[in-house]
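Inside the fold
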Amino acid sequence: MTSRLVVIGNGMAPGRALERLFEAAPGTYDVTIFNAEPRTNYDRILLSPVLSGEKSYEEIVIHGDAWYEQNGVKLHKGKKVVAIDRAAKTVTAEDGTTAAYDKLLIATGSVPFIIPVPGRDLAGVLTYRDLDDVNAMLIAAENGGHAVVIGGGLLGLEAAAGLKARGMEVTVVHLMPTLMERQLDAAAGGLLKRALEDRAIKVITKANTKEILATHDSRGSTRVRGVVLDDGAEIAADIVVMAVGIRPNAAIAKEAGLETNRGIVVDERLRTSDPDILAVGECVEFNGNVYGLVAPLYEQANIVSNELTGLGGAGFTDKALATKLKVTGVDLFSAGDFADAEGREEIVLRDATRGVYKRLVLEDDKVVGAVLFGDTSDSSWFFQHIKDGTDISEMRDTLIFGPAYAGGTQADPSAAVATLPTDAEICGCNGVCKGTIVAAINDQGLTSIDDVRAHTKASASCGTCSGLVEQLLALSLGDAYDAAAVRAMCGCTELGHAEVRRLIVAKELKSIPDLMQELEWTSSGGCAKCRPALNYYMLSSWPGEYVDDNQSRFINERVHANIQKDGTYSVVPRMWGGVTNPQELRAIADVAEKFEIPTVKCTGGQRIDLLGVKKEDLPAVWADLNAAGLVSGHAYGKVLRTVKTCVGTDWCRFGTQDSTGLGVRIEKFMWGSWTPAKVKMAVSGCPRNCSEATCKDVGVICVDSGFEIHFAGAAGLDIKGTEFLCHVKTEDEAIEVIVALVQLYREQGHYLERIYKWAKRVGIESIQAAVIVDVERRRRLFEAFAFSQKFSQSDPWAERARGIKDAHEFAPMADLTRMEAAE
Amino acid sequence: MTIMDNIWIDVGALEDIPRQGARLVKTAAGCVALFRTKNDQVFALDDKCPHRGGPLSQGIVHGNAVTCPLHNWVINLETGLAQGADEGEVKTFVVRTEAGRILLEASKFVRNKDAA
Ligand SMILES: Cc1cc2nc3c(=O)[nH]c(=O)nc-3n(C[C@H](O)[C@H](O)[C@H](O)COP(=O)(O)OP(=O)(O)OC[C@H]3O[C@@H](n4cnc5c(N)ncnc54)[C@H](O)[C@@H]3O)c2cc1C
Ligand code: SF4
Ligand code: FES
């Protein structure tokens, strides 16, 4: 019989433990997870790049919903366990959900430490631990303003850099005389401070926070307004981020009577004082130590998996740890133990002009600690010596200069990597060593860093070892490795989509044959992949000039209906904003009867689909629909599909704006415009969001003060909430922003690339810069769109119903069915 | 052997089919798709993809091949064989173009009176 395993907490540590468990012994356990966070497992380390905008949330998800499904895991999202009943062997969540276990794994992580000053509970006082914290910071950053980060450690500085990147004025307030004093000495702390100040981040050291000030609001809602220091200095703040440390989250374990100290006490096999309960991750305490970095937690996870499957193997031991500060442009690495102690010596190299600082701590002719600032290229070499306990007496003189000097002449950067032994750890987060990566590259023919990530996980987490992985690729593949290689559009060319788009404009290529000639297409006449893309690029680059090439369009766009599995078509008339009337409905009903259309169905986009129409009937069906004022809904194309709306102020008691009216306005202005991939929009009358605007390509949420514009959502193969773009006060502004956004997408998007993928590729910030910050550019984009609409807003159905266009499409060329054999 | 052998039927003009396009001819034996390539070559095939019966005449014509509109199988117009990793074959018919007219061989499409 399978045993029941219940896991409390769904962070990186249990995620890794379960991965190992399912690999080693699939089906042994029936797994139930409770996660206080309402989401699947993601890479917490990478929250800082999400905050700064360098990555999106989707990019840091470790296990998507499908993973849980595949492994038969019941994941309770957003359910926090409040009690463990060890006698009954059950756990109970806040909402009363219970689950019985044979084995329990506690993985509750840490909780951020909150300094007990007045004002700590005010709205706008945040911590930095999970995605909700990041989202709260992003919302605050939308309006610019001031942020105060309390705490100048790793986390605080990453938060500060992220908020700065999002356009806030940032001040870091740190209690100690220098930053990151646990990792850096005063000199390096000073260099770091200067590097941050160069980025216009203010740093105040020796600053003890006395109080957090509140706004005085007549409506009684108060939020943070500033921070007061011990010396009376007052700093303005729209948000305060506390990043002063973490402590293991051992509360429920303690209440359940397990042995706890600072954390949940475990033995080397990660067992708690109850033999059926294991614990893993930041919540545990082993040998008096607690952990705040992923590498040791992942090692614990492996042991937990072995323990659960009865495999045995080595127990947990403390090892030297390394960290890097993930602030783009500031290179800082520290590893091992660098506290001053009896019998320890230091080697220090300072190059103030280059901003380089290196410090090695030695004990008994071994390196026990290393701090590198400004130049971290030798970090893995030093870290390897720390872990190996190498005797360095022979190379002590040149040690600080790194591997380039240790073994004689080595000048190129990959030389350091080449000298590493095969068991040297390259990726600390995932415990991947050089040998594994090199073997994967050679045996599985990997050619890019993404391949290596997919196959070995190396550099897939914090990413600081990406450079090393690239060097391994270069070493293994030699000249065959091309870091900048682009994916060709199709087999007819070596050029990628971006390059082709650029050349169309730069070389003024205005027809597909010209382009194929000029860009040396290798096929005659292209293929089914490149032709539709080229046709779109031509159309969007040369509105009014380029003549649409129908034969380069997919059948649906060629005949303006959707092909079905049996070769019949579906017909969807436009219903502006999802609004219809009796006359339209009557016409639809009549058409359905007259042409014996087998299925009439509501679509997901608030309109009606007529399915099973014979191709030769299409023009007549359209003629009847046209007669009732119905036009093509473009449900078949890479175009604006629908603008879903709710009833807003027309009817709804919660409505704040005329959401229906705005939806109709947007649709009337934008229909017919060809786009790289389909575009779906929605407008909701209030944040209750009945039209589901926050998973659309573009979504508007009406609020009392105006309109929030969101974009880059997805609800198909991928599921993704939208990104916030901006807040505007009037409908006119809303339309201008949306149109400019779509035009930018039309100009930059790769064919078949939905808005969320385009946004991920070019970066949300670049889009904001073009459509929000640069008002002039927005205006130009709007006008370019309006111009191209002159040539695209004629109903394709009407032209074909009247037989003006493409008559050949709808009639057979000849009918030989009546022909009979003559004797 | 019937009298229809070696009799060619004129089914229309080359210009009736768009370049890199296709038209249908309805016959007693089902629909036949006539394809015209970029170089004005004409091919006739059953309008039925070997995969799941998709109407090949609705696909995109490129080189001497057509991509099926349903799941993107690529069918070689000369041989009727599915290309690449897919396996399957479509029936092909002999077709001639003469002075801008397209001719099919009649015997393949006649309905046998007795069976009718
Ligand atoms: C911004 C940031 C940057 C970081 N950068 C680095 C880095 O560069 N390198 C590095 O090595 N480490 C870094 N870390 C630390 C690293 O992320 C953590 O060590 C690691 O994620 C801890 O994993 P865990 O599984 O133990 O706990 P967590 O990932 O914290 O997971 C615990 C989960 O349990 C849930 N939970 C808690 N109590 C309950 C309950 N009662 N019921 C149900 N669920 C519960 C919590 O909501 C949480 O989702 C960083 C951390 C942060 C926040
Ligand atoms: S989104 Fe708001 S305004 Fe629109 S229907 Fe729902 S509750 Fe009403
Ligand atoms: S039916 Fe032609 S590819 Fe599936």
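**Re the overall build of chain B**
The helix and strand tally for chain B stands at zero helices and ten strands. In sequence order, the secondary structure elements of chain B are arranged as β-β-β-β-β-β-β-β-β-β. The proportion of buried residues among the 116 residues of chain B is 47%. Long-range pairs, those at least 24 residues apart, make up 40% of the contacts in chain B with a sequence separation of at least 6.

**Let's talk about the overall build of chain A**
Regarding its fold elements, chain A presents 29 helices and 39 strands. The buried share of chain A, reckoned over its 823 residues, is 52%. When contacts within chain A are restricted to residue pairs at least 6 apart in sequence, long-range pairs at least 24 apart make up 61% of them.

**Focus on the sheet that holds strand E31 (residues 608-613) of chain A**
Residues and elements named next belong to chain A. What the four strands build is an open sheet, ordered E28-E29-E31-E30; its pairing is antiparallel. The sheet terminates laterally at strand E28 (562-563) and strand E30 (599-602), the two strands that pair on one side only. Here E30 runs beside E31; their pairing, made up of four bridges, is antiparallel. Opposite Cys602, over in E31, you have Ile608 as the bridge partner. Each of E30 and E31 is contacted by helix H20 (residues 582-594), which is oriented at about 15° to E31, the strand it contacts most. In the packing of helix H21 (residues 618-627) onto the sheet, contacts are made with strand E29 (569-571) and E31, and the angle to E29 comes to roughly 5°.

**Focus: the site of ligand 2**
What surrounds ligand 2 is the set Cys646, Cys652, Phe654, Gly655, Gly685, Cys686, Arg688, Asn689 and Cys690 of chain A. Here the residues of the shell around ligand 2 are counted per class, giving five nonpolar, three polar and one charged.

**Comments concerning the site of ligand 1**
All names here are of chain A. Neighbouring residues of ligand 1: 32 residues in total, closest Glu37, Arg44, Arg129, Glu282 and Lys326. At 3.2 Å, a backbone N or O of Met12 approaches an oxygen atom of ligand 1. Here an oxygen atom of ligand 1 sits 2.8 Å away from a polar atom, N or O, in the main chain of Val294. Burial of ligand 1 by the protein chains amounts to 94% of its free accessible area of 1,000 Å². Put simply, the parts of the chain that give the shell around ligand 1 at least two residues each are helix H1 (12-24), strand E2 (29-35), helix H6 (154-165) and helix H9 (294-309). Counting residues per element, the shell around ligand 1 draws most heavily on H1, which supplies three residues. Here the residues of the shell around ligand 1 sort into 15 nonpolar, nine polar and eight charged.

**Considerations on the interface of chain A and chain B**
In this complex, chain A contributes 34 residues to the contact, which on the side of chain B involves 37 residues. Summed over both partners, the interface of chain A with chain B buries about 3,000 Å², with 59% contributed by carbon and sulfur atoms. The interface formed by chain A and chain B holds one salt bridge in total. Put simply, Lys26 of chain B and Glu616 of chain A hold a salt bridge, and the shortest N to O gap is 3.8 Å. There are eleven residue pairs in polar contact (both at pLDDT 80 or more) connecting chain A and chain B. Put simply, the parts of the chain that give the side of chain A that touches chain B at least two residues each are helix H18 (530-541), helix H19 (555-559) and strand E39 (814-815) of chain A. Looking at side-chain class alone, the side of chain A that touches chain B contains 15 nonpolar, nine polar and ten charged residues.

**A word on the environment of Gly232 of chain A**
All names here are of chain A. Structurally, Gly232 is set in the loop between strand E14 (224-229) and strand E15 (234-236). For Gly232, a relative accessible area of 47% translates into the label partly exposed. Here the alpha-carbon distance between Gly232 and Glu211, two residues 21 residues apart in the chain, equals 9.7 Å.

**Here's the deal with the environment of Thr603 of chain A**
Residue and element names in this part refer to chain A. Mapped onto the secondary structure, Thr603 falls in the loop between E30 and E31. For the pair Thr603 and Val572, spaced 31 residues apart in the sequence, the C-alpha separation amounts to 8.8 Å. Look past the residues within four positions of Thr603 in its chain and what remains in contact with it is Val572, Ile608 and Asp609. Within the local environment of Thr603, its side chain forms a polar contact with the backbone nitrogen of Gly605, the two atoms lying 3.0 Å apart.

**Regarding helix H10 (residues 379-388) of chain A**
The periodicity of an α-helix, 3.6 residues per turn, causes residues three or four places apart in sequence to face the same way. Residues and elements named next belong to chain A. The element H10 is extensively covered by neighbouring structure, given that eight of its ten residues are classed as buried. For H10, the complete set of buried residues consists of Ser379, Ser380, Trp381, Phe382, Phe383, Gln384, His385 and Ile386. Looking one or two places after H10, you find Gly389, whose phi comes out positive at around 65°.

**Quick look at the side chain of Glu285 of chain A**
All names here are of chain A. With respect to the secondary-structure elements, Glu285 resides in strand E20 (residues 284-285). Within the structure, the side chain of Glu285 is placed 2.9 Å from the backbone nitrogen of Gly263, a separation counted as a polar contact. Residues contacting Glu285, with those up to four places away along its chain left out, are Asn261, Arg262, Gly263, Ile264, Val265, Val266 and Val290.

**Thoughts on a negative patch on the surface**
Residue and element names in this part refer to chain A. Taken together, the side chains of Asp364, Asp365, Asp391 and Glu394 make up a negatively charged region of the molecular surface. Take Asp364: it is sitting in the loop between strand E24 (356-363) and strand E25 (366-373). In this structure Asp364 comes out as exposed when scored by relative accessible area, which is 62%.

**Concerning empty space enclosed by the protein**
Residues and elements named next belong to chain A. Taken as a whole and assessed by the stated rule, the structure comprises four cavities of 30 Å³ or more. Reported here for the largest cavity is a volume of approximately 60 Å³. Taken together, Pro532, Asn535, Tyr536, Leu539, Ser552, Arg553, Phe554, Glu557, Lys638, Trp674 and Tyr751 make up the full set of residues lining the largest cavity. The element that contributes the greatest number of residues to the lining of the largest cavity is H18, accounting for four residues. Of the residues contributing to the lining of the largest cavity, the split by class is six nonpolar, two polar and three charged. Considering only enclosed or pocket space, the second largest cavity measures out at about 50 Å³ in volume. For the lining of the second largest cavity, a count of residues per class yields seven nonpolar, one polar and one charged.

**Some words on the pattern of salt bridges**
Pairing between side chains becomes possible if they bear opposite charge and their charged atoms approach one another. All names here are of chain A. This model, assessed by the stated rule, comprises 53 salt bridges over all chains. The partner of Arg44 in a salt bridge is Glu37, with the nearest N and O atoms 3.1 Å apart. Here Glu37 falls in the buried class, since its relative accessible area comes to 11%. Residues Lys510 and Glu545 are paired through a salt bridge, measuring 2.7 Å at the closest nitrogen-oxygen approach.

**Notes on the environment of Arg641 of chain A**
Residue and element names in this part refer to chain A. Checked against the element boundaries, Arg641 lands in strand E32 (residues 640-645). Sequence spacing of Arg641 and Gly605 is 36 residues, and the spatial spacing of their C-alpha atoms is 8.1 Å. Setting aside anything within four residues of it in sequence, one finds Arg641 in contact with Arg574, Arg607, Gly633, His634, Ala635, Tyr636, Glu667, Lys678, Val679 and Lys680. A distance of 3.4 Å separates a polar atom in the side chain of Arg641 from the backbone oxygen of His634.

Parameters at a glance
- Residues numbered from 1 in each chain as written.
- Chains lettered and ligands numbered in written order.
- Predicted model: local features only at pLDDT ≥ 70, side-chain atom pairs only at ≥ 80, totals over all residues.
- Heavy atoms only, no water.
- Helix = DSSP H or I, 4+ residues; strand = E, 2+ residues; numbered from the N terminus.
- Buried < 20%, exposed > 50% of the residue type's maximum accessible area, 1.4 Å probe, protein only.
- Contact = heavy atoms within 4.5 Å.
- Pairing = 2+ DSSP bridges.
- Axes fitted to C-alpha atoms, helices over the stretch in contact; angles between N-to-C directions.
- Near = heavy atom within 4 Å.
- Nonpolar A, V, L, I, M, F, W, Y, C, P; charged D, E, K, R; others polar.
- Polar contact = N/O pair within 3.5 Å; in protein donor to acceptor, adjacent residues only side chain to side chain.
- Areas by Shrake-Rupley, 256 points an atom, 1.4 Å probe, with all protein chains shown as cover.
- Buried area = accessible area lost by both parts, 1.4 Å probe.
- Salt bridge = Lys/Arg side-chain N within 4 Å of Asp/Glu carboxyl O.
- Patch = residues over 30% accessible without salt bridge, like charges linked within 9 Å, V, L, I, M, F, W, Y side chains within 5 Å.
- Lys, Arg positive; Asp, Glu negative; His and termini not counted.
- Charge placed at Lys NZ, Arg CZ, Asp CG, Glu CD.
- 1 Å grid on protein atoms, 1.4 Å probe; cavity = no way out; pocket = protein on both sides within 12 Å on 5 of 7 lines; lining within 4 Å.
- Points joined across faces, edges and corners; volume = space filled by probe spheres on them.

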